[in-house]
Structure formats: structure tokens, C-alpha cells
Amino acid sequence: MKELKKLNKLFAKYKWQLIGGVIVTIISRVLSLVLPKYVGEIINLLSDYTDASEAQKEVIGDQLTIYILYILGATLLAAGLTFIMRQLIIVVSRHLEYDLKNIVYQQYQRLSLGFYKQNRTGDLMNRISEDVSKVRMYMGPAIMYSINMLTLFAVVIPAMINTAPTLAVYTIIPLPILSVAIYVISREINKRSTLVQEYLSNLNTISQESFSGISVIKAYNLAPQMTEQFTDVANDSKDKNIDLARIQALFFPLMVLLIGLSNIMVIYIGGKQVIDGVIDVGTIPEFLIYVNMLTWPVAIVGWVTNMIQQAEASQKRINEFLDIEPAIQNLNEASTKVKGSIAFDKVNFIYEDTNIHALKDISFEIEAGKTLAILGKTGSGKSTILELIGRLYDIENGSLTIDNKEIRSLNLDDLRSSIGYVPQDAFLFSDTIGNNIAFGKKDASQEEIETAAKNAVVHKNITNFTKGYETVLGERGITLSGGQKQRVSIARAIIKKPQILLFDDCLSAVDTETEEKILNNLKKVTQDTTTIIVSHRVSSAKNADQIIVLDDGKIIERGNHDSLLNENGYYAELFANQMLEEE
Ligand SMILES: Nc1ncnc2c1ncn2[C@@H]1O[C@H](COP(=O)(O)OP(=O)(O)OP(=O)(O)O)[C@@H](O)[C@H]1O
């Protein structure tokens, strides 16, 4: 229960509902005693009825009516209270589940990019859904059934012992056996259902990948292989489901068998005691009802134990993530507005997970409002520079300053909200185009959205869609072309009028003519914005105030378009090749 202790803080928030739930449960269980007690009394009265005089028969008749009314009243009240009990405890568990999901989600948002590189999306999803659901089973049903069971034991067993001690002992004996048997079976059920879940998740991954990669599958005519792969996994999944169904099928027969045994015990031992005159005949139906009242809670002991064990394991997995401190921390709570000058001084950067030395002794400076273009072969470290400016990673070596202040000393929220970042792989949400652009600025007006789209030269494309800005994009924005996606992503960055704009090769899918138009528009609207353009194309870089060329993490050339052409190095060669291509 060590891991589950973490939830106590959450429980405290709902303590009154929980205490109410406990009280209501106790009252309803006490009321449930009325039924067996008076059924016993009724049978006793009935057994006297045949030999009774007319006057006595009338009294017995009245008595029977009163007992029946008692039973009816108590049963109705107990039913009402059971409803309230579920409303209190189960509803609280849903609130707790909601709170826990939010806590996990907020933690996910806090964690740094490195965390996401190390953990699979499926695992993250599982912990926030599957694991939280298992913990909810502890927070609601497990607690409710435990209270229910304990109060029932506390009221029924003394009542039984009080009425007929010997019969009580014989009746109770099979119950622990039932409890252990259910525990063993439900543990096996859990083991097998975990396997079923695993196979289901494999099946989901295959289906999801085949839907996302449908164009590749069709182009390579891979449909038969994919179907075969799916069938194999589906077959395994079916086998695991059958294994599960087999063990589940044992659950109820076993319960019925053990209840039957207890009932036979009551009738056999009770019958003998009635013959010997130790107990009244009414005690037998009374005990039969007790046995049936106790069986479900006894069976539940095993089930609840399992639920708690699973919740403990799930909470352990959740705690693993909750206990991680984000690698990137905000070290300054005070607001620090960013103007936009950036300086790298002998920055070295090694990716921890791959040990790749991505940046080696990088030094450059950009004044606020100026433009820097970064060129270089793939894998030369261009994107890494942008990631360091957004503090997606911290540097260990050298210095990176913004407005002459060490980047770590800036308020992280201020830093990030002063940056407009357009990643290499434009990601659009499954939402309208308008909302995707407005994502960069919460309260953006339609006019602002359209202006941003015009500057990113995508307005005309959008208005060509029947629903214009209201066009809903599918998963990963599949209704847009690569170039359109890039431009929507640019509009999203410029709408927030950031102090620093980072473009990571985001004009690669746009033709040079449109590229020119976008760059010209940007020049107008981002006059005071520090802009860094990462590109493979000279056309994106030629107008920049400063250009650096990277190779294997090092700066091999720097200058502006004219000076670099004079150098006759990599840049000049790239320019010549690209001019040739264009011609
Ligand atoms: N998250 C990461 N974890 C580990 N290694 C990484 C990570 N991101 C990049 N790298 C490695 O760091 C090096 C520099 O990568 P980077 O993405 O900065 O290059 P790039 O110049 O932007 O390349 P491209 O033009 O292909 O986008 C590469 O060798 C790459 O494999």
C-alpha cells in the first residue's frame, strides 16, 4: 500500500462525502438484517397457524401483516441508502479519477522533450488511461465493497451466533474457502486479461500504423502482407481471449457450488437441530438468507484484494512519472521580457541518449531584429541550435545568452512565449484551419488570422476550400498538401508577433516563387523580430543579415551572401548548383 499512500491527499478533498458514504453503508447493512429475522418469525408463525384457534389465527394474521410491512419498509430504506452509498462513494471515485488524470497530464506537460524521446507514446497513454482506471477501482469499488463487507460481517455474524451458535459455525466454515478460491481465480483472470490487453494494444498499433501509412502500403502493394500480419496478431489475440473466457467461466459455477454447499449445510445441520428441538424451524430460512447475504461479500474479499494489488502496481507506474523532475526547470519566477538578441559562445552539445556530439564550439551573435540563416548538410546540427534557443535542452558547455542574460536565468514561460517556432515537420491539430493558426495566439480575431495567413501566402488556398477557415483538418492535417501545412504552421508562428522567430527548414515543400513572396512578407511584418532561418536552400538564406554554414556540428563558413560567394566555399558551390537547377 506504499504507492497508494500518495492518494491520501486526494482523498482528503472528498472526506465528507466518503464519511457520509461509510455511515450510509453501515445503516443500510444494519437494516438488511430485518429481512432474515422476520422471514424466520413469519415461518414460525405459519408453523403454529394450523393448530391455532380461530381467535389466535386472527392475531397471527395481524402479526404477519405487521412483519411483512417491517420487511417492506426496511428493504425499501436499505435500497434507498444503497443508492445513496453508490452515489457518494462511486461518484467520489470518478472525481478522484478526474483529478488524478489531470495531475498526470499536467506532469506530462511539465516534462522535457528528452522524457518524450525516452518513453513510448503508448506507455504514456497507458499510464494516463489504463493505470488511472485501475487506481480508480481502488478509490471507489474496492473501498465501497470493503466497507460493505466489513459492516455486513460485523452485523450478520453476531446475529447468526446469537440465534443459533452451532449452526452458525457450520454455515460460516465454507466461506473462507470460497474467498481463497475466488482470490486464486481472480488473480489468474487478471494475469490473463493483462495478456489480452497487450495483444489488443499490438493489434491497435498495427491497425493504426496501417491506416496512417495507407498510401505507402498501397503504393508498394503491401496489402496482402499487412493482412497476414494483422491476421497473425488477431489470432494470438483471439487465443488469449479464449484462455481468459475459460477461467472466467469458472468464476460463477464455483460461487454457485460453494453457496449450494453452505445451503445444504444449513438445511442438514439446521434440520437435525429442529428435530432435536434446539432451534425453531424459522431459523432455517433465516440462515439461508444470511448465507446468501454473506456469499457475495466473501467472494469479494478475493476480488478486492486483487483490485488493490493491481491498483498498487498501477500507482507505482504512475508515481514513477510523477516523481520525475523535468530536466528543464524554470529558475526564475519573476517576469523577464525578451527583446531578442542572441549569442552563442563556444557552445558544445551532446545528446545524452545517443551520445552524438551535435554542436562543437559554436559561436555567433545576432542583434535583436536581425536575421540569421543557417545552412548545412543534413545532421549537421542546425535544428539543435534552434532547440537550444527554445530551451528544449540545456547546454552543459559554453554560454548561450539572450539579451546578454544567461538563458537559464530567464523566466521559462516568458522565453517560450517570446518565440515563434516553425518545426521541420509541421504538426497540425485535428481542428479547423482557423483554430490551428489561432493556436499561436489565444484571443486572435478572424482578421488577425487572415492577415497571418496572407503573410504566409496560404490565404488563397484556404479560401478555395468550401468551408474556408472552418475546414476541419484530419489527423496530422491530411487534407492539406505538405507546402500548405508548412505555410499554416508559419501563419501560426507569426500571428503571435514573437520577438524571436525560428524557422526550421519550413519552406522546403514550397516552390521558390512562393518562398520569395513569404520571405518578402516576413521582412515587412517582422522588422523588429530576430529571425533564424534554417534551410538547405540558398534562396531562403541569401537576404539574411548573417549566414552561417554548419558541417558536422561546426561552423565552417560565416558572412553574408556576397562575402560567402567570394569565399568560393560550400555556400558558393551550393548557390551555383541551385542556380543551375533552377535554370
Ligand atoms: N533528440 C535527439 N536525440 C539524439 N540525437 C539527436 C536528437 N536530435 C538530433 N540528434 C542527432 O544530432 C545530430 C544533429 O541533428 P540536427 O537535427 O540538429 O541536424 P540538422 O542539421 O537539423 O539536420 P536536418 O537538416 O536533416 O534537419 C544528428 O546526428 C542527429 O542524429
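Residues numbered from 1 in each chain as written. Predicted model: local features only at pLDDT ≥ 70, side-chain atom pairs only at ≥ 80, totals over all residues.

Labelled according to an unreviewed UniProt entry, the protein chain appears under the name ABC-type multidrug/protein/lipid transporter ATP-binding and permease component, originating from Nonlabens dokdonensis. We quote the UniProt Subcellular location (unreviewed entry) comment for the protein chain here in full: "Cell membrane". (UniProt positions renumbered as here; feature names shortened; annotations may be inferred.)

A separate point is the packing of helix H3 (residues 34-49) against helix H11 (residues 283-322). Relative orientation and spacing of two packed helices are given, respectively, by the angle between their axes and the distance between those axes. Where H3 meets H11, the axes come as close as 7 Å, and the angle between the chain directions of the two elements is 160 degrees. With respect to each other, H3 and H11 are oriented roughly antiparallel. Crossing angle aside, the handedness with which H3 passes H11 is right-handed. The segment H3 lies against H11, with Leu35, Pro36, Lys37, Val39, Gly40 and Ile43 engaging Thr283, Pro285, Glu286, Ile289 and Tyr290. Residues that form the contact of H3 with H11 fall into these classes: 7 nonpolar, 2 polar and 2 charged. (Axes fitted to C-alpha atoms, helices over the stretch in contact; angles between N-to-C directions. Helix = DSSP H or I, 4+ residues; strand = E, 2+ residues; numbered from the N terminus. Parallel < 35°, antiparallel > 145°, perpendicular 65-115°, else oblique. Left-handed = near helix turned anticlockwise from the far one by under 90°. Contact = placed C-beta atoms within 7 Å. Nonpolar A, V, L, I, M, F, W, Y, C, P; charged D, E, K, R; others polar.)

The next point concerns helix H17 (residues 482-494). Helix length check: H17, at 13 residues, gives a terminal C-alpha distance of 19 Å against a target of 18 Å (1.5 Å per residue), a fit within 8%. With 11 of 13 residues buried, H17 lies mostly within the body of the structure. Turning to H17, its buried residues are Gln484, Lys485, Gln486, Arg487, Val488, Ser489, Ile490, Ala491, Arg492, Ala493 and Ile494. Tucked into the core, H17 has its buried residues touching strand S6 (419-422), helix H14 (433-438), helix H15 (446-455), helix H16 (459-464), strand S7 (500-504) and helix H18 (512-525). (Expected span 1.5 Å × (residues − 1). Buried ≥ 20, exposed ≤ 12 C-beta atoms within 10 Å, placed from the backbone.)

One open sheet holds the 6 strands; their spatial order is S6-S7-S8-S3-S9-S10, and the pairing between them is mixed. At either margin of the open sheet sits one strand with a lone partner, and together these are S6 and strand S10 (554-559). Strand after strand, the sheet turns through a mean of 15 degrees between neighbouring axes, direction not considered. Pairing analysis gives 5 bridges linking S7 to strand S8 (residues 530-535), with the strands arranged parallel. Paired with Ile500 across the strands is Thr530, a residue of S8. Of the strands in this sheet, strand S3 (371-376), S7, S8 and strand S9 (546-551) touch helix H12 (residues 382-389), which is tilted by about 150 degrees from S7. Contacts from H17 reach S6 and S7, with the element oriented near 175 degrees to S6. (Pairing = 2+ DSSP bridges.)

Turning our attention to the environment of Ile189. Relative to the assigned elements, Ile189 resides in helix H8 (residues 174-212). Taking the C-beta count within 10 Å as the criterion, Ile189 has 18 such neighbours and is therefore assigned partly exposed. If we ignore the near neighbours within four places in the chain, the residues touching Ile189 are Leu244, Ile247 and Gln248.

Next up on the list: the packing of helix H2 (residues 15-31) against helix H4 (residues 54-110). Between H2 and H4, whose axes approach to 8 Å, the crossing angle comes to 155 degrees. Relative to H4, the element H2 is oriented roughly antiparallel. Along this stretch, H2 crosses H4, giving a crossing that reads as left-handed. Here Gln17, Leu18, Gly20, Gly21, Val24, Thr25, Ile27, Ser28 and Leu31 of H2 lie close against H4, whose contacting residues are Ala74, Leu77, Ala78, Leu81, Thr82, Ile84, Met85, Leu88, Ile89 and Val92. The class makeup of the residues in the contact of H2 with H4 is 13 nonpolar, 6 polar and no charged.

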